[in-house]
Amino acid sequence: MAKINFGGTEENVVTREEFPLSKALETLKNDTIAVIGYGVQGPGQSLNLKDNGFHVIVGQRKNSKSWDKAVADGWIPGETLFEMEEAAEKGTIIQYLLSDAGQISAWPLIKKHLTPGKALYFSHGFGITYKERTGIIPPADVDVILIAPKGSGTSLRRMFLQGRGVNSSYAIFQDATGKAMERVIALGIGVGSGYLFETTFQKEVYSDLTGERGTLMGAIQGLFAAQYDTLRAHGHTPSEAFNETVEELTQSLMPLIAENGMDWMYANCSTTAQRGALDWWEKFRDAAKPVFEELYQEVACGNEAQRSINANSRPDYREKLDSELKAMRDSEMWQAGSIVRKLRPENN
């Protein structure tokens, strides 16, 4: 573990160089990793672990789309694919990767198989941080650890296959065995992390919920829609409005930011673009800051968690979600985007 200075603040960071895969495999050589859930994070993490040489099994409900997907991905019923409760019984490390609502529902089945010395692993701090609301309270004699990749399970898998990695945070909520640190770092390396940075369960969920509702998803969709609608209202075509709002950002500018930062991206744009961006960014920050403060407080007090629990626990949750996503997909902006993507050179 290294101390890295980030803008005057020292953080604990672990890289593959100081904790190589060979050490991770040695650390977990006697463990069976049971990945419970095969939805968002389950496929990427389990397949990466398997390809890296760990002993992995998957637990999923039979007669479900996720069970069928696991079979299609090469998991063998009765050998490496089991019902959730059987997998939890067999596993010495239980990776609890169901949705937040799914974790609440399945907890009574999983808890009884958390025998002394096992490890309970999360990729989101939700269930533990809001344990009074979720009822997820682990026994005192198991390790409770977290690896949270900063990307979707799909991205984690794609980047692994490219020889790259998604950066992940790690946390220890409970160290019952004295081995929680070695276990969590080994698992972080095993799932294909780029590097690992330290956090807590609470900080992970606060930052994650804020980010999802903010710049990662909610705020960016809001900004896209506001600019697109403004351009369209002033007579710009759907193609022009979409290209200036989304396509140029995602295809041209974001890769430049990822390479060397925002200042470098500015320096590689026209001087007219630089001047305007420097003049206007603070106005957007000042307009958005109160919304982010309100959002963070809603996350910290548990209101956002409760809204999520309530909505995701309804029997018609999936139908309502599909309806909302369809409305976004059918909007003019994203219909224009569908056409623009088909017109990209690599698709012609």
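Residues numbered from 1 in each chain as written. Predicted model: local features only at pLDDT ≥ 70, side-chain atom pairs only at ≥ 80, totals over all residues. Heavy atoms only, no water.

The protein carries the name Ketol-acid reductoisomerase in an unreviewed UniProt entry, which gives Odoribacter laneus YIT 12061 as its organism. A UniProt comment under Cofactor (unreviewed entry) is attached to the protein, and it reads "Mg(2+)". Of the protein, the UniProt comment under Sequence similarities (unreviewed entry) reads exactly: "Belongs to the ketol-acid reductoisomerase family." (UniProt positions renumbered as here; feature names shortened; annotations may be inferred.)

J.: In this structure, what is going on with the UniProt feature "binding site: substrate" (unreviewed entry) in the protein? I would like to understand it.
T.: If you check UniProt for "binding site: substrate" (unreviewed entry), the listed places come out as Ser-270 in our numbering. Topologically, Ser-270 is positioned in the loop between helix 13 (262-267) and helix 14 (271-300). Classification of Ser-270 as partly exposed rests on a relative accessible area of 44%. (Helix = DSSP H or I, 4+ residues; strand = E, 2+ residues; numbered from the N terminus. Buried < 20%, exposed > 50% of the residue type's maximum accessible area, 1.4 Å probe, protein only.)

J.: Looking at this structure, how should I read the nonpolar core?
T.: One broad trend across soluble globular proteins is that nonpolar side chains are buried collectively. Counting 31 residues, the largest nonpolar core has Ile-33, Trp-75, Tyr-121 and Ile-185 as its most contacted members. At the level of elements, strand 3 (33-36), helix 2 (42-51), strand 4 (56-59), helix 3 (65-72), strand 7 (119-122), strand 8 (143-149) and helix 9 (180-190) are the ones that each hand at least two residues to this core. Sort the elements by how many residues they give to this core and helix 9 lands first, with six residues. Not counting residues within four places of it along the chain, the set of residues in contact with Ile-185 comprises Val-14, Phe-19, Tyr-170 and Leu-196. Of all hydrophobic cores here, the second largest spans 24 residues; its members include Ile-36, Ala-88, Ile-136 and Leu-146. (Core = buried A, V, L, I, M, F, W, Y, C linked by side-chain atoms within 4.5 Å. Contact = heavy atoms within 4.5 Å.)

J.: Explanation requested: the pattern of salt bridges in the structure shown.
T.: Where charged atoms from two side chains of opposite charge approach closely, those side chains can pair. Under the defined criterion, the tally for this structure stands at 19 salt bridges. The salt bridge involving Asp-31 is made with Arg-183; its shortest N-O contact spans 3.7 Å. Highlighted residues: Asp-31 in the loop between helix 1 (21-27) and strand 3 and Arg-183 in helix 9, separated in sequence by 152 residues. Here Asp-31 and Arg-183 have matching classes, each one buried. In this structure, Glu-332 engages Arg-232 in a salt bridge whose closest nitrogen and oxygen atoms are separated by 2.5 Å. Here Glu-332, found in helix 17 (residues 332-343), pairs with Arg-232, found in helix 11 (residues 218-233); they are 100 residues apart in sequence, far enough to count as distant. On the basis of relative accessible area, Arg-232 is assigned to the partly exposed category, the value being 29%. Where salt bridges share partners, they join Glu-212, Arg-213, Glu-298, Glu-304 and Arg-307 into one cluster. (Salt bridge = Lys/Arg side-chain N within 4 Å of Asp/Glu carboxyl O.)

J.: Quick question: what am I supposed to make of the side chain of His-124 here?
T.: Checked against the element boundaries, His-124 lands in the loop between strand 7 and helix 6 (126-129). Within the local environment of His-124, its side chain forms a polar contact with the side chain of Glu-204, the two groups lying 3.1 Å apart. (Polar contact = N/O pair within 3.5 Å; in protein donor to acceptor, adjacent residues only side chain to side chain.)

J.: Could you clarify how one ought to interpret the sheet that holds strand 2 (residues 9-15) in this entry?
T.: Each strand in a sheet pairs with another by means of backbone hydrogen bonds, the pair being arranged parallel or else antiparallel. Overall, mixed pairing links the ten strands, which are arranged 1-2-10-9-8-7-6-3-4-5 in an open sheet. Each edge of the open sheet is held by one strand with a lone partner, namely strand 1 (2-6) and strand 5 (81-82). Set on the sheet, helix 2 makes contact with strand 3, strand 4, strand 6 (93-96), strand 7 and strand 8; between it and strand 4 the angle comes to about 160°. Running at roughly 30° to strand 8, helix 10 (residues 201-213) makes contact with strand 7, strand 8 and strand 9 (166-174) of the sheet. (Pairing = 2+ DSSP bridges. Axes fitted to C-alpha atoms, helices over the stretch in contact; angles between N-to-C directions.)

J.: Looking at this structure, how should I read the environment of His-234?
T.: Position of His-234 among the secondary structure elements: in the loop between helix 11 and helix 12 (238-260). In this structure the C-alpha to C-alpha distance between His-234 and Leu-325, which are 91 residues apart in sequence, comes to 27 Å.

J.: What is the right way to look at the domain arrangement of the protein in this model?
T.: The extent of an interface is frequently quoted as the accessible surface area lost upon association of the parts. As far as domains go, the protein holds domain 1 (2-199) and domain 2 (212-347). On a C-alpha basis, the centroid separation for the pair domain 1 and domain 2 is 30 Å. Taken together, the contact between domain 1 and domain 2 spans six residues of the former and eight residues of the latter. With both sides pooled, the region where domain 1 packs onto domain 2 buries about 620 Å², and carbon together with sulfur makes up 61% of that total. Our count for the contact surface shared by domain 1 and domain 2 stands at zero salt bridges. Run the count over domain 1 and domain 2 and you get three residue pairs in polar contact (both at pLDDT 80 or more). Of all the elements in the fold, those that place two or more residues in the side of domain 1 that touches domain 2 are helix 5 (100-111) and helix 7 (131-134). Class assignment for the residues of the side of domain 1 that touches domain 2 results in four nonpolar, one polar and one charged. (Domains from an automatic or database assignment. Buried area = accessible area lost by both parts, 1.4 Å probe. Nonpolar A, V, L, I, M, F, W, Y, C, P; charged D, E, K, R; others polar.)

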